[in-house]
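Descriptive analysis of the structure
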Amino acid sequence: MADQNIIKEGVTLYNHGNYTGALTYFLSLPDDSSLDAYELAYYLGLCYSRLGRYDDALLYLEQVVTSEDEANADARERVLQCRYLLAIIYCKSGRKKLADFELKKLLEEGYHIAGVYASMAFLSWENGDVDTCIELYNKALSEDENNATALNGLGYVLAYEDRDLTTALGYCKRALDRAPESAACLDSLGFVYYKMGLYKESRKFLKRAKKADSLNPIIDEHLKMAQEAQEE
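Below or above, wherever it landed, is the structure these notes cover. (Residues numbered from 1 in each chain as written. Predicted model: local features only at pLDDT ≥ 70, side-chain atom pairs only at ≥ 80, totals over all residues. Heavy atoms only, no water.)

Overview of the overall build of the protein
Note the following rule: What counts as a helix is a DSSP run of H or I of at least four residues, what counts as a strand is a run of E of at least two, and both are numbered from the N terminus. Throughout, a residue-residue contact means that at least one pair of heavy atoms, one from each residue, lies within 4.5 Å. His is not counted, nor are the chain ends; Lys and Arg add positive charge and Asp and Glu add negative charge. We put the charge of a Lys on NZ, of an Arg on CZ, of an Asp on CG and of a Glu on CD.
Scanning the protein from N- to C-terminus turns up 13 helices and 0 strands. For the C-alpha atoms alone, the extent of the protein along its principal axes is close to 65 × 35 × 25 Å. In the protein, 48% of the contacts between residues at least 6 apart in sequence involve partners at least 24 apart. Charge centroids of the protein, computed over 26 positive and 38 negative side chains, lie 7 Å from each other.

Laid out in structure tokens, this is it:
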């Protein structure tokens, strides 16, 4: 483990949410510092992930995962954390086979089970397997009934499929309670209200979702649908 005095400033910046500052700090460290290369890769991977710079994040996260040290508990935990981040990035970028590989490895290790099941549910949804998607979201909630990702995902899927709008509404409200600033949760709740024919409520949440994520085409489409329905 590196001298903690060397990384303290960068870690403090990261823990306070200043990811750009933390990234700048870690990138500024001299090559001859005593900071271990894999530890530096770990922090750079975290910073790039937080900033949404996923291609850069992958470069460093993959370094950490391939440096796996079975004998070092701290290193082992970091490997699992980076493997989880890799899986999320692969999911978001459509690299489904890579995501599936990482998620299965995490299940074998028993790491972040609810999050893993939720990610696998998302992949099933992307593959058009709705029943498996719902089953996996329910598995995620059986591990952690307050997992916002699983609550939101299951609520959205139930609404999209018109399976149970009342239940979908409850899930999405619970998800938003746990992640009140989440564009995804705001969008899902707005979409459920749209499916229920409550267009005024729908537009209220979809507008908030758009404000939180102005470049998301799915949110744009949902808002357009709600606006057109209200005008009819």
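Looking at the pattern of salt bridges
Worth spelling out the cut-off: The term salt bridge refers to a side-chain nitrogen of Lys or Arg lying within 4 Å of a carboxyl oxygen of Asp or Glu. We call a residue buried when its accessible area falls under 20% of the maximum for its residue type, exposed when it is over 50%, and partly exposed in between, using a 1.4 Å probe and counting protein chains only.
The final tally for this structure, using the stated rule, is 11 salt bridges. One salt bridge connects Arg53 with Asp56, and the closest N-O pair in it is separated by 3.2 Å. The class of Asp56 is partly exposed, set by a relative accessible area of 30%. Salt-bridge contacts for Asp131 lead to Arg163; the nearest nitrogen and oxygen are separated by 3.1 Å. In this pair, Asp131 sits in helix H8 (residues 130-143) while Arg163 sits in the loop between helix H9 (148-160) and helix H10 (165-178), placing the two residues 32 residues apart along the sequence. Owing to a relative accessible area of 45%, Arg163 belongs among the partly exposed residues under this scheme.

Side note on the packing of aromatic side chains
For the record, the criterion: Pairing of aromatic rings covers Phe, Tyr and Trp, the last through its six-membered ring, and needs centres within 6.5 Å; plane angles under 30 degrees mean stacked, over 60 mean edge-to-face, and all others mean tilted. Working rule: Lys NZ or Arg CZ, within 6 Å of ring centre, within 35 degrees of ring normal, means a charge sits over the ring.
Under the defined criterion, the tally for this structure stands at 14 aromatic pairs. Centre to centre, the rings of Tyr193 and Phe205 are 5.8 Å apart; their planes meet at 20°, and the pair counts as stacked. Here Tyr193 is found in helix H11 (residues 183-195), whereas its partner Phe205 is found in helix H12 (residues 199-212), with 12 residues between them in sequence. For the pair formed by Tyr193 and Phe205, the shared burial category is buried. Over the face of the ring belonging to Tyr42 we find Arg78, whose NZ or CZ atom lies 4.4 Å from the ring centre.

Thoughts on the packing of helix H4 (residues 54-65) against helix H5 (residues 73-92)
Basically, it comes down to this: The axes used here are C-alpha line fits, helices contributing only the stretch in contact, and every angle between their N-to-C directions lies in the interval 0 to 180 degrees. Put simply, a crossing is left-handed when the front helix is turned counterclockwise from the back one by less than a right angle, and right-handed when it is turned clockwise. Classes in brief: Ala, Val, Leu, Ile, Met, Phe, Trp, Tyr, Cys and Pro nonpolar; Asp, Glu, Lys and Arg charged; the others, Gly included, polar.
At a closest axis distance of 9 Å, the pairing of H4 and H5 adopts a crossing angle of 145°. Along this stretch, H4 crosses H5, giving a crossing that reads as left-handed. For the pair H4 and H5, contact is made by Tyr54, Ala57, Leu58, Leu61, Glu62, Val64 and Val65 and by Arg78, Val79, Cys82, Arg83, Leu85, Leu86, Ile89, Tyr90 and Lys92, respectively. Its residues placed into classes, the contact of H4 with H5 shows 12 nonpolar, no polar and 4 charged.

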